[in-house]
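# Understanding the architecture of this molecule
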Amino acid sequence: MSWLARHRRLAFAAICTFWTAVVFVGHFFPTLPFISMPWRGEQSFEDLLRTEGRKTATRDDFIFLGIDQQSEQLDAVGSEEIAGNRAFELMTERPFPWSREIWVLLLDRLFGAGARLVIFDLVFNNPNDGDPAFRAALDRYHDRVVVGMNIDTQNNTQIVLPNTQLIPSPAQTDDRVGFVNYWNDEIDGKLRAARFFTSERQLAGVAPASGDEVYASMSSRALTKLGRSADIPQDQRDHLFRFSSNAAYPPFPLWQVFHPAFWKANYADGAVFKDKIVIVGASSQIQHDFIVTPLNPATPGPAVHLQVIAATEAHEFLRQTPTRVMLGLVLVAGIIGWGLIPFLRRPILSLFSLIAITMIYLAIARLAYDRSGFLLASVPVLSTLLLCGVSTLGIDYAIERMEKLRTRRTLERYVSKNLVKEILENPRGYYNSLTGSRMPATMLFSDIVGFTTLSEKADEKELVRQLNEYLTAMTEVVFQNDGTLDKFIGDGIMAVWGNVKSQGMAKDAKAAAYAALGMRRELLRLNNGWKTEGRMTLGMGIGINHGQVLAGNIGSQDRADLTVIGNAVNLAARLEGLTRIYGVDILVGTSAADLIRDEFHLRSVARAQVKGKTEPVDVFTIVEARTAALDQELLIWLETYEEGIRKFRDRDFTQAKILFSRFLEFYPDDSLAKMYLERSLEYEQTPPDKAWNAVEVFEKK
C-alpha cells in the first residue's frame, strides 16, 4: 500500500488501461460473456432512447383496416343484416381466407370514397374463389394498389408470390408487388431496421453484385406509387428508423366498412378515406402477424409498414456512431477516468464530477437522438469512464484510509485513542480546545502498589516487560471505555473523561467507573498468568474524582500537552494514594459517587481530608456494577456494614462495634471492617473530644 501511495498516478494508469482494454476486447469479441456486456448494453440504451425519445410524427392520412376476430367470426352482426349484404355473405360463407370477391368490394368502396392508395399486407399465393374479379380490380386500380410477397428464409429462401391468376409472372417485378419481410436482430429478435431492397445473394450471406435480381419491399412499392421514390434508400442495407408511438396506427375493424350504420357514423359515408393511404392486414391474435419492436413486443405487422413509410417520407433514419469514433470515445473516457481523481484529489468532488460528466453525456446523447437521429455511443464509453473513475476513486480512498490508519496508529502510541480520533475527525474543535477552558471532567489515577520496592529486587528487563504488559492491558481498558489517556506517570496512569469529548457528566463518570472495574479484572487475569509462569504478581490502586477542571494545551513554548489541572484533579491523585491506607483497590470521591451510584454498588470507606484540602470528602469504593452477578448475601451484609458506619459517625461506638463484629463473622478478612472495629473499641474505651467529626486528616500526599 505504501508503494501505491508513492506511485499513485502510475497505479491509476494501470487500472484505467486494464478497464479500457477490457471494453475494447468486448467490442471485437461480442460473444465473450461479461466482457461484451457494455456493447450489448448499448443496444438496450438505444432502445431506451427509442422508447423515451422523439418519435416519428403520426400521419393522419394513414389508416389501418384490421382483419380482427370480429371480422373473422362476424358475431356482432345479425342474420337480417347479413342477408342482402354481399360482403357479409362472403365473410360468413366460410372461415378466413374468404372469397377474394370481398377484396373487390373493398377496393371499390375505398377508391369510391377517394382513397389515395390501398396496401394489402397479405400474400395471395393460393388460388381462391373470386380471383378473376380480384385480378380485374387490381388491374383497374393498378397505380393505387400494392400487394405482398413473402421471402421464406426458413425454407431455402423460397420466394412466395401472388398466384398467376392475380399477377402474371414474373410477379416479383410487378410494381404492385413487394416483400412484406423485415429482418429482426439475431441476438434478441427485435426489429430495429427496414430493408427496402434485397436479393437472393444477399439473403444467402454473399455480397450483392451487379446483375442480381433485386426484390423491392412493400414499403418501397407504396412510396413509389405515392411519388416519394426519391426518399427511398437505393441500397440493400438495413436502415435504422425512428419508430412512431405505439398508439400511432390502431386497427379499425374491417367488417365495419361494410356495415351501413358504421360506414355512415364512423366513416362519414366514406369521407374519412378521402386521400388516405389504407393498409389492410391481420390484427387478430390467431393470425400471429405481430412483430417484436423496442417499443412493443406485439406490434401488428401492418402498423410497422405504416411506421416505416412515415419514417422514410420524413427522413427519420437513425445513424450509429462509427466504429473508429466509438473506440476513440472509449479511449478518451479511460483517460478522463485516469486523470480526474488525481487532479481533483477530493473524493466527494471526484464522485460528483463523475456523476456530472455522466449526466451531461447522457443529456447530449438524448439531444443528439432527438434532434438529428444520431445514436451517440454511450454505454461502452460511460462504462469505461465509471469503471476507471470508481476503481481509481476506490483505490485512492483505500490509500487515504491506510495512510490515515497508519497515522492514527503512530499517534496512538503516544496519545489517547479518542484524542487521536478527535484530532483526525474534528480538527477544528480540537484546536479550539487548545486555548483552554473550564469544564466538568472525571479523572482516574492508577498506580502499582509498592513498585519502588519491586523495582529494586526484580531483573530490569523482566520488570520492563512485565510493566509494559500491565500498562498495555490497563490503557486498552481506558480506550474501550472512551477515556483519554492523559499521561503515564512512571508506572502510573492518568486518564480523563469529558475533556476531549463529553457524553454528559453522569456518563463520563460511569465510563470511568466501568474502566476501574475493567482494570481490576485485567489485573486479576494478568496476575493469574504471571503466577503460572512463576513471575511476581502486582497490586494496584485507583482513585476517581469528578469536578471542574481547566483543560487545554498546557506546558512550555517548546513542549506542551493537552491535559487538565485543578483541585478536582489533585483530589483524584490523592485518593489513589489513600488506597494503600484503607486496603482497597478503588476509591471514589463524593461528586463522582453521586453520579454513578444508580449503576454501581458503592461502599463507604471514610470521611477524609487530604493534603491541600480544607474540606473533608466522603470516600467510597466500588463493589461492582449493579448489572453484574453478585453474591446477594454480601449485599445484605454490606447493609450491616453501612449501618455500622452510620453508628460510628454518630458516636454510637458500642452499637458500631456490634455491627462490625457481625459483618466480620462472615467476612473475617475484610480490612475496612477490621479497621472500624478496632477504632470502635478504642473510642468506646476513650471517646474522642466533642469536636470529633469522623474526619481523617492526611498531612502527606
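We now turn to the structure provided with this report. (Residues numbered from 1 in each chain as written. Predicted model: local features only at pLDDT ≥ 70, side-chain atom pairs only at ≥ 80, totals over all residues. Heavy atoms only, no water.)

## What about helix α13 (residues 323–344)?
Applicable threshold: Numbering of helices and strands runs from the N terminus; a helix is a DSSP stretch of H or I covering at least four residues, while a strand is a stretch of E covering at least two. One less than the number of residues in a helix, times 1.5 Å, gives the span that helix is expected to have. We call a residue buried when its accessible area falls under 20% of the maximum for its residue type, exposed when it is over 50%, and partly exposed in between, using a 1.4 Å probe and counting protein chains only.
With 22 residues, α13 extends 32 Å from end C-alpha to end C-alpha; this agrees with the ideal 32 Å at 1.5 Å per step. Those residues of α13 that fall on the buried side of the exposure criterion are Met326, Leu327, Val330, Ala333, Gly334, Gly337, Gly339, Leu340, Ile341 and Pro342. Looking one or two residues beyond α13, the residue adopting positive phi is Arg345, at roughly 60°.

## Brief notes about empty space enclosed by the protein
As a reminder of what qualifies: Buriedness for pockets is judged along seven lines, at least five of which must meet protein on both sides within 12 Å for an open set on the 1 Å grid over protein atoms alone, while cavities are sets there where a 1.4 Å probe fits but cannot get out, and lining residues have an atom within 4 Å of a point. Grid points are joined across faces, edges and corners, and a volume is the space filled by probe spheres set on the points. Lys, Arg, Asp and Glu make up the charged group, whereas Ala, Val, Leu, Ile, Met, Phe, Trp, Tyr, Cys and Pro make up the nonpolar group; the residues left over, Gly among them, are polar.
All told, the structure shown has 1 cavity of 30 Å³ or more when counted by the stated rule. Elements with a contribution of two residues or more to the lining of the largest cavity: β6 (193–195), α10 (218–225) and α12 (301–313). For the lining of the largest cavity, the residue count by class is 7 nonpolar, 4 polar and 1 charged.

## Some remarks on the packing of aromatic side chains
Selection criterion: Put simply, two rings from Phe, Tyr or Trp (the six-membered ring, in Trp's case) pair if the centres are within 6.5 Å, and we call them stacked under 30 degrees between planes, edge-to-face over 60, tilted for the rest. A positively charged side chain is recorded as over a ring if its NZ (Lys) or CZ (Arg) lies within 6 Å of the ring centre. The angle to the ring normal must also be within 35 degrees.
Inspection of every chain in the model, using the stated rule, returns 31 aromatic pairs. On the numbers, 5.7 Å between centres and 50° between planes, the contact of Tyr641 with Phe663 is tilted. Taken together, the residues Tyr641 in helix α23 (residues 632–649) and Phe663 in helix α24 (residues 653–666) connect sequence positions 22 residues apart. Each of the two residues, Tyr641 as well as Phe663, counts as buried. Summarising the aromatic geometry, the rings of Phe648 and Phe653 are spaced 5.6 Å apart at their centres and angled 75° between planes, so their arrangement reads as edge-to-face. Accessibility expressed as a relative area gives 4% for Phe648, which makes it buried. The structure contains a cluster of three or more aromatic residues connected by ring pairs, namely Tyr641, Phe648, Phe653, Phe660, Phe663, Tyr667, Tyr676, Tyr683 and Trp692. When the ring centre of Trp263 is taken as origin, the NZ or CZ atom of Arg109, which lies over that ring, is 4.5 Å away. The aromatic ring of Tyr369 is capped on one face by Arg242, whose charged end is 4.7 Å from the ring centroid.

## Details of α10
Most of α10 is tucked away: 7 of the 8 residues are buried. Met218, Ser219, Ser220, Arg221, Ala222, Leu223 and Lys225 are the residues of α10 that are buried. Of the residues one or two after α10, Gly227 is the one with positive phi, at around 80°.

## Here's the deal with the packing of α23 against α24
Between two packed helices, both the angle of their axes relative to each other and the distance between the axes serve to describe the pair. Going by this rule: Lines fitted to C-alpha atoms define the axes, with helix axes restricted to the stretch in contact, and inter-axis angles between N-to-C directions lie between 0 and 180 degrees. Oblique is the label for every angle not falling under 35 degrees (roughly parallel), over 145 degrees (roughly antiparallel), or within 65 to 115 degrees (roughly perpendicular). Definitions for this section: a left-handed crossing has its near helix turned counterclockwise from the far helix by less than a right angle. A right-handed crossing has that turn clockwise. By the convention used here, residues are in contact when the closest approach between their heavy atoms is within 4.5 Å.
α24 packs onto α23 with a crossing angle of 160° between their chain directions and a minimal axis gap of 8 Å. Relative to α24, α23 is oriented roughly antiparallel. By crossing handedness, the relation of α23 to α24 is classed as left-handed. Residues Glu633, Trp637, Leu638, Thr640, Tyr641, Glu643, Gly644, Ile645, Lys647 and Phe648 of α23 touch α24, and the partners they reach there are Phe653, Gln655, Ala656, Leu659, Phe660, Arg662, Phe663 and Phe666. Of the residues contributing to the contact of α23 with α24, the split by class is 11 nonpolar, 3 polar and 4 charged.

## Let's talk about the pattern of salt bridges
Our working definition: Criterion for a salt bridge: a side-chain nitrogen of Lys or Arg within 4 Å of a carboxyl oxygen of Asp or Glu.
On inspection of all chains with the given rule, the structure shows 44 salt bridges. With a closest N to O distance of 3.4 Å, Asp447 and Arg580 form a salt bridge. Note that Asp447 is positioned in strand β16 (residues 437–449) and Arg580 in helix α21 (residues 567–582), a separation of 133 residues in sequence. For Arg580, a relative accessible area of 33% translates into the label partly exposed. Measuring nitrogen to oxygen at the nearest pair gives 2.2 Å for the salt bridge that ties Arg580 to Glu576.

## What about the environment of Ile341?
You can see Ile341 is positioned in helix α13. A residue is classified by how much of its surface remains accessible, and Ile341, at 0% relative accessible area, is buried. If we skip the residues at most four places from it in the chain, Ile341 touches Phe12, Ser350, Gly389, Thr392, Leu393 and Asp396.

## With respect to a nonpolar patch on the surface
Just so we agree on the cut-off: Here a patch means residues that are over 30% exposed by relative accessible area and free of salt bridges, tied together within 9 Å if like-charged and within 5 Å if nonpolar (Val, Leu, Ile, Met, Phe, Trp, Tyr). The accessible surface values rely on the Shrake-Rupley method and a 1.4 Å probe; as for residues, cover is taken only from the protein chains in view.
Among the surface-exposed residues, Val25, Phe28, Phe29, Leu32, Phe34, Ile35 and Met37 lie close enough to one another that they form a single nonpolar patch of about 700 Å² accessible area. Look at Met37 and you get partly exposed, because its relative accessible area is 48%.

## Side note on the nonpolar core
So the rule is basically this: What makes a nonpolar core is a set of buried Ala, Val, Leu, Ile, Met, Phe, Trp, Tyr and Cys residues whose side-chain atoms join them at distances within 4.5 Å.
Core analysis: the biggest nonpolar cluster contains 48 residues, and Leu65, Trp103, Leu106, Leu107, Phe120, Phe134 and Phe273 have the highest contact counts within it. Among the nonpolar cores identified, the runner-up in size contains 41 residues, and Leu467, Phe479, Ile493 and Met540 belong to it.

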